[in-house]
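Breakdown of the fold
Below are the chains, spelled out letter by letter.
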Amino acid sequence: DLNNGTIVEYGGNSGATIQVMSNSTVNISNMTLTGIGNRANQLVRAHNGTSGSTINISDSTITSESTSEYDVVLRGMNTTTLDNVSVTGTHGAVGIEGGELTLNNCTINTSNYYGVWISNNYDGTIVVINSGDYSGGRAAVYASIDDGNQDASPVSITINGGRFHAGSVGDVVLGPKV
C-alpha cells in the first residue's frame, strides 16, 4: 500500500513509476504522483500479460508533463477503481486497453488527446463512469473500438453520470481513432 505521500518521477527510462504485477493488490490513497519533463514515464501501469490484480486509487492526484505517455495505462485482465482522483496529463490522462475500470467522482483532464482513452487491444475491456468531470484536447472520453489494430474482444462502456467537456472531436466519441 502507498498512503499519504509524494512520488516524483523525472523520466528518461522506459517503464512505469508504479508497475502492477499479476495477482497482486495495490492500494494507493492520499498520494501525489508527478511526472516531470516531456519524457516522463507512465505513472501507474498494469501491463499486457498481467492478470488477476486489483488496483484501487483514492483521494489522490496524478499529474504528468509527458508528451508521449498517458499517466495511467491499464492493459491485461485486472480490475481498477479510481475514487475521487484527479488525473491531469499533457499527452493523455487515463488509457485502458483491457481489463475493468471504474471511475467515481474523478477529475480527468488533458490538453492534447483524450481524457479517457478506451480500446479493445487486449481482452475484457469494461469501463464504468459513475460521476466526475472529464475533458480532453480532442475528446473527454474516446473509444477507438475495432479500429483495425489488435481488436481482441468486445468492449462494455457504461456512463451513469458525470460532466463531459468537448475537445476538437467531441465530448464522448465512439468510433475509429482520429
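Residue indices follow the written sequence of each chain, beginning from 1 at its first position. The model is predicted, so local features are restricted to residues of pLDDT at least 70 and side-chain atom pairs to those at 80 or more, both for listing and for counting; the totals for chains, interfaces and linings are taken over all residues. Only hydrogens and water are removed before side-chain values are computed, so all heavy atoms of the structure are retained for them.

Numbering of helices and strands runs from the N terminus, with a helix taken as a DSSP run of H or I at least four residues long and a strand as a DSSP run of E at least two residues long. The helix and strand tally for the chain stands at zero helices and 19 strands. Accessibility here uses a 1.4 Å probe with only protein chains present; expressed as a share of the type maximum, an area under 20% marks a residue as buried, one over 50% as exposed, and anything in between as partly exposed. Considering the chain as a whole, with its 178 residues, one finds that 46% of them fall into the buried category. Working rule for contacts: check all heavy atoms of both residues, and any pair within 4.5 Å makes them a contact. Counting only contacts in the chain whose residues sit at least 6 apart along the sequence, the fraction spanning at least 24 positions is 72%. Surface exposure here means Shrake-Rupley accessible area, sampled with a 1.4 Å probe, where a residue is shielded only by the protein chains that are shown. Split by element, the accessible area of the chain, about 7,400 Å² in all, is 45% carbon and sulfur.

Another aspect to go through is a nonpolar patch on the surface. The grouping of Ile159, Val172 and Leu174 at the surface amounts to a nonpolar patch, some 260 Å² of accessible area in total. Here leucine 174 is to be found in strand E19 (residues 170–174). Using a relative accessible area of 63% as the deciding quantity, one classes leucine 174 as exposed. Residues with no salt bridge and a relative accessible area higher than 30% make up the patches, which join like charges within 9 Å and nonpolar side chains (Val, Leu, Ile, Met, Phe, Trp, Tyr) within 5 Å. For this document, the term salt bridge refers to a Lys or Arg side-chain nitrogen within 4 Å of an Asp or Glu carboxyl oxygen.

Looking now at the packing of aromatic side chains. Centre distance within 6.5 Å is the pairing criterion for rings of Phe, Tyr and Trp, where only the six-membered ring of Trp is used; planes under 30 degrees apart are then read as stacked, over 60 as edge-to-face, and the remainder as tilted. Throughout the structure, instances matching the rule amount to four aromatic pairs. With a centroid separation of 4.4 Å and 15° between ring planes, the pair formed by tyrosine 114 and tyrosine 142 is classed as stacked. In this pair, tyrosine 114 is assigned in strand E13 (residues 114–119) and tyrosine 142 in strand E16 (residues 139–144), connecting sequence segments 28 residues apart. Owing to a relative accessible area of 0%, tyrosine 142 belongs among the buried residues under this scheme. On the numbers, 5.3 Å between centres and 15° between planes, the contact of tyrosine 134 with phenylalanine 164 is stacked. Taken together, the residues tyrosine 134 in strand E15 (residues 132–135) and phenylalanine 164 in strand E18 (residues 163–165) connect sequence positions 30 residues apart. Phenylalanine 164 shares its class with tyrosine 134; the two are buried. Site record: aromatic cluster; members linked through ring pairs are Tyr113, Tyr114 and Tyr142.

This brings us to the environment of methionine 77. Within the secondary structure, methionine 77 is located in strand E8 (residues 77–83). With a relative accessible area of 44%, methionine 77 lands in the partly exposed category. As a C-alpha pair, methionine 77 and serine 22 span 55 residues in sequence and 9.0 Å in three-dimensional space. Sequence-distant contacts of methionine 77, that is, excluding residues within four places in its chain, are made with Thr50, Ser51, Gly52, Ser53, Gly99, Asp123 and Gly124.

Let us look at the side chain of threonine 110. By secondary structure assignment, the location of threonine 110 is in strand E12 (residues 106–110). Residue threonine 110 is classed as buried on the basis of its relative accessible area, which comes to 3%. Among the polar contacts listed, one links the side chain of threonine 110 to the backbone oxygen of threonine 90, at a separation of 3.1 Å. Excluding anything up to four places from it in sequence, threonine 110 contacts Gly89, Thr90, His91, Gly92, Ala93, Gly115, Ser135, Gly136 and Gly137. In the analysis that follows, any N or O atom pair within 3.5 Å is treated as a polar contact, provided that within protein one partner can donate a hydrogen and the other can accept it, and provided that, for residues neighboring in sequence, both atoms belong to side chains.

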